[in-house]
Amino acid sequence: MLTINFDRFPTTTGNRVLDFGCGDGRHAFEAYRRGADVIALDLDDTALKNVQGMFEAMADVGEAPPHATARAVRADGAALPFPDGAFDRVIAAEVLEHLPDDAAIFDELVRVLAPGGLMAITVPRWFPERICWALSTPYHEIEGGHVRIYRRSTLTDLVCKAGLRVIGSHHAHAFHSPWWWLKCLVGVDNETRLVKAYHDALVWEMRRNHPLTRLAKRALNPLLGKSFVLYAVKL
């Protein structure tokens with residue numbers, strides 16, 4: 001399940017890509033498939049081990065071009081171990097909302113992005129996130145949870161003050177907002193039959209990618225999209 005639209009974030013052979021806070025690696029894998037040289041960075045050792053294993057499996061079965069490279073790296077976002085302008089593309093998907101000092105981390109991401117390079121940032125959208133916070137305290141107070149809710153203007157200001165120019169935005173994952181509201185309503189760790197049934201339906205939809213559900217998502221994303229996605233270029 002991709003949050004970033006790679007048609008709006010062109011990534012191809014020879015691009016140097018940093019997936020910051022890569023998590024399970026979904027965006028890093030897509031960049032690798034497209035022939036980029038990818039660094040997937042996180043602090044979670046278990047996640048990084050799994051991501052590295054998937055990179056190796058992709059290479060073994062020819063799912064990525066032979067000239068592309070990919071590796072998982074553990075590093076602190078406040079002091080990235082890369083020189084200035086090391087990457088042509090930087091991805092920060094669903095990670096800034098977890099960081100107490102998001103501005104300092106963002107400055108580091110901008111530092112390692114080459115002039116003319118592109119950045120894709122995704123955060124939970126204000127409206128669906130606000131409902132989640134209202135329904136459940138544990139949703140946002142667990143260790144490593146969300147520490148802020150971004151408005152569009154807040155994220156845009158952060159991006160522009162760091163020396164980037166916004167070139168586009170959209171919303172994604174409309175079907176996920178009701179699922180999270182339901183989870184928050186019954187308890188985020190309470191796997192009721194209804195929660196499980198909704199999750200199974202989400203998985204089915206992602207696997208089938210039926211034209212009707214694609215059309216429904218396209219119509220609903222501007223209204224209910226769980227994620228706000230912003231694209232920017234370094235001046």
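Preceding this section is the structure that the text describes.
This text gives an overview of the structure that appears in the document. Just so it is clear, the model here is predicted, and its values are computed rather than measured.

**Digging into the sheet that holds strand β1 (residues 16-20)**
In sheet architecture, strand pairing relies on hydrogen bonds along the backbone and comes in two forms, parallel and antiparallel.
And then number 1: Strand order in the open sheet made by the 7 strands is β3-β2-β1-β4-β5-β7-β6, with mixed pairing throughout. Only two strands of the sheet have a single partner each, and these edge strands are β3 (70-74) and β6 (164-172). Across the sheet, the mean angle from the axis of one strand to that of its neighbour is 15°, orientation sign disregarded.
And then number 2: Examined bridge by bridge, strand β4 (residues 87-93) and strand β5 (residues 113-124) share 6 bridges and lie parallel to one another. Note that in β5 the partner of Arg 89 across the bridge is Leu 118.
And then number 3: The strands touched by helix α1 (residues 26-33) within the sheet are β1, β2 (37-42), β3 and β4, with β2 carrying the most contacts at an inclination of about 170°.
And then number 4: Contacting β5, β6 and β7 (227-234), helix α6 (residues 152-161) crosses the sheet at an angle of about 150° to β6.

**Remarks on the pairing of β7**
And then number 1: Across the 8 residues that make up β7, a large majority, 8, are buried.
And then number 2: Alternating residues of β7 divide into Ser 227, Val 229, Tyr 231 and Val 233 and Phe 228, Leu 230, Ala 232 and Lys 234, and every residue in both groups is buried.
And then number 3: The pairing of β5 with β7 spans 7 bridges and is classified as antiparallel. The residue of β7 that forms the bridge with Ile 121 is Leu 230.
And then number 4: As paired elements, β6 and β7 share 8 bridges and run antiparallel to each other. By the bridge assignment, Ala 172 is partnered in β7 with Ser 227.

The rules behind these values
- Counting restarts for each chain: residues are numbered from 1 in the order of the written sequence.
- Only residues with pLDDT of 70 or above have their local features reported here, since the model is predicted, and side-chain atom pairs are shown and tallied only from 80 upward, although totals for entire chains, interfaces and linings are computed over all residues.
- Heavy atoms from the whole structure form the basis of all side-chain values; hydrogens and water molecules are not counted.
- Strand pairing is assigned whenever DSSP detects at least two bridges linking the two strands.
- Secondary structure is summarised from DSSP: a helix means a run of H or I of at least four residues, a strand means a run of E of at least two, and numbering begins at the N terminus for each.
- Note on definitions: angles span 0 to 180 degrees between N-to-C directions of axes, and those axes are lines fitted to C-alpha atoms, for helices only across the stretch in contact.
- The contact criterion used throughout is that any non-hydrogen atoms of two residues lie within 4.5 Å.
- A 1.4 Å probe rolled over the protein chains alone gives each residue an accessible area, and that area as a share of the maximum for its type sets the label: buried under 20%, exposed over 50%, partly exposed in between.

All quantities given are derived from atomic positions and should not be read as evidence of function.
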